[in-house]
Amino acid sequence: MKKRNFLILLSILSISLSSFGQYSISETEQNYAIENDNHLSIMLSDVLVRRLSVEYEHVLGDGKMSFNVPVSVTLSPYGDLWSDEVHWWLGMGIKFYPTGQGILRYFLGAEFRLISVAEENYYWEGEYPNENYYSNFENYLNTAFLINNGLIYSPTNNFFVSANIGFGFLSRSADTNLEQLVPYATPSFRLGFKF
């Protein structure tokens, strides 16, 4: 029985290998040629936190690496996980495509972000029970470093959708009263166009 299963598996493997052998190298390279190396995407997931976020990406000649610049502006202030109100952020990154360009591709890359936030500080005056408190917002510039992982699906040469998650660390301004280094994660779902 083991011998029979082995022969069946071997025949399936040989059929699949012979089907790959029918394509020449020039045909497979032509399928993955870069036609539109500039990509512009809108981060649809950021709408949930009232932000307008876009990303420009330029794919280099061999298709295995690209540079990207994401930008985000908050339409209505909101508090993040660390009670900061995010106003805007600007990033610069690099993406590596181990399998090159194609219909479905995986990427891995590093990204650096500058994040403008406002922190609400509370102050108390007087003594109990007649104490009063007031608060004010102070603006800070935080930085973040992320490792991004994602999948991109391109059903046509001019359109793509992607899912991305970045893990890293957020470094708060030295002037803040809160913890200086905190974990940071940014999931996103994007729609984009190639040109």
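Per chain, residue numbering runs from 1 following the sequence as it is written. Totals for whole chains, interfaces and linings use all residues, but because this is a predicted model, local features are given only for residues with pLDDT of at least 70 and pairs of side-chain atoms are given and counted only at 80 or more. Neither water nor hydrogens contribute to the side-chain values; these are computed over all heavy atoms in the structure.

What follows is about the packing of aromatic side chains. Any pair of aromatic rings gets described here by the distance separating the centres and the angle formed by the planes. Note on aromatic contacts: the rings of Phe and Tyr and the six-membered ring of Trp form a pair at centre separations within 6.5 Å, being stacked when their planes are under 30 degrees apart, edge-to-face when over 60 apart, and tilted otherwise. Overall, the coordinates contain 2 aromatic pairs when judged by the stated rule. Geometrically, a charge over a ring is one whose NZ (Lys) or CZ (Arg) sits within 6 Å of the ring centre while staying within 35 degrees of the ring normal. The ring of Phe107 carries Lys95 above its face, with NZ or CZ at 4.5 Å from the centroid.

All right, on to the environment of Ala144 then. Inspection of the secondary structure assignment puts Ala144 in strand β6 (residues 132-153). Buried means the residue's accessible area, taken with a 1.4 Å probe over protein chains only, is under 20% of the maximum for its type, while exposed means over 50%, and partly exposed covers the values in between. A relative accessible area of 1% means that Ala144 is categorised as buried. Throughout, a residue-residue contact means that at least one pair of heavy atoms, one from each residue, lies within 4.5 Å. In this view, Ala144 contacts Glu111, Phe112, Arg113, Ile115, Phe169, Leu170 and Tyr184; residues no more than four positions away in its chain are not counted. Runs of H or I in DSSP of at least four residues are treated as helices and runs of E of at least two as strands, each being numbered from the N terminus.

One requirement defines pairing of two strands: DSSP has to find at least two bridges between them. Spatially, the 8 strands close up into a barrel ordered β1-β2-β3-β4-β5-β6-β7-β8, and their pairing is antiparallel. For this sheet, the mean angle separating the axes of adjacent strands, direction not counted, is 25°. Here strand β5 (residues 104-125) pairs with β6 via 22 bridges, running antiparallel. Looking across to β6, one finds that Ala110 is bridged to Ile147. Lines fitted to C-alpha atoms define the axes, with helix axes restricted to the stretch in contact, and inter-axis angles between N-to-C directions lie between 0 and 180 degrees.

Moving on, we get to the pattern of salt bridges. Two side chains bearing opposite charge may form a pair once their charged atoms approach each other closely. We define a salt bridge as a contact between a side-chain nitrogen of Lys or Arg and a carboxyl oxygen of Asp or Glu at a distance within 4 Å. One pass over the full model with this rule turns up 5 salt bridges. Linking Glu55 and Lys95 is a salt bridge whose minimum nitrogen-to-oxygen distance equals 3.0 Å. You can see Glu55 sitting in strand β2 (residues 51-59) and its partner Lys95 sitting in strand β4 (residues 84-96), a full 40 residues away along the chain. For Glu55, a relative accessible area of 3% translates into the label buried. Three or more residues are tied together by salt bridges with common partners; here these are Glu55, Glu57, Lys95 and Arg190.

Distances and angles like these do not, on their own, reveal function.
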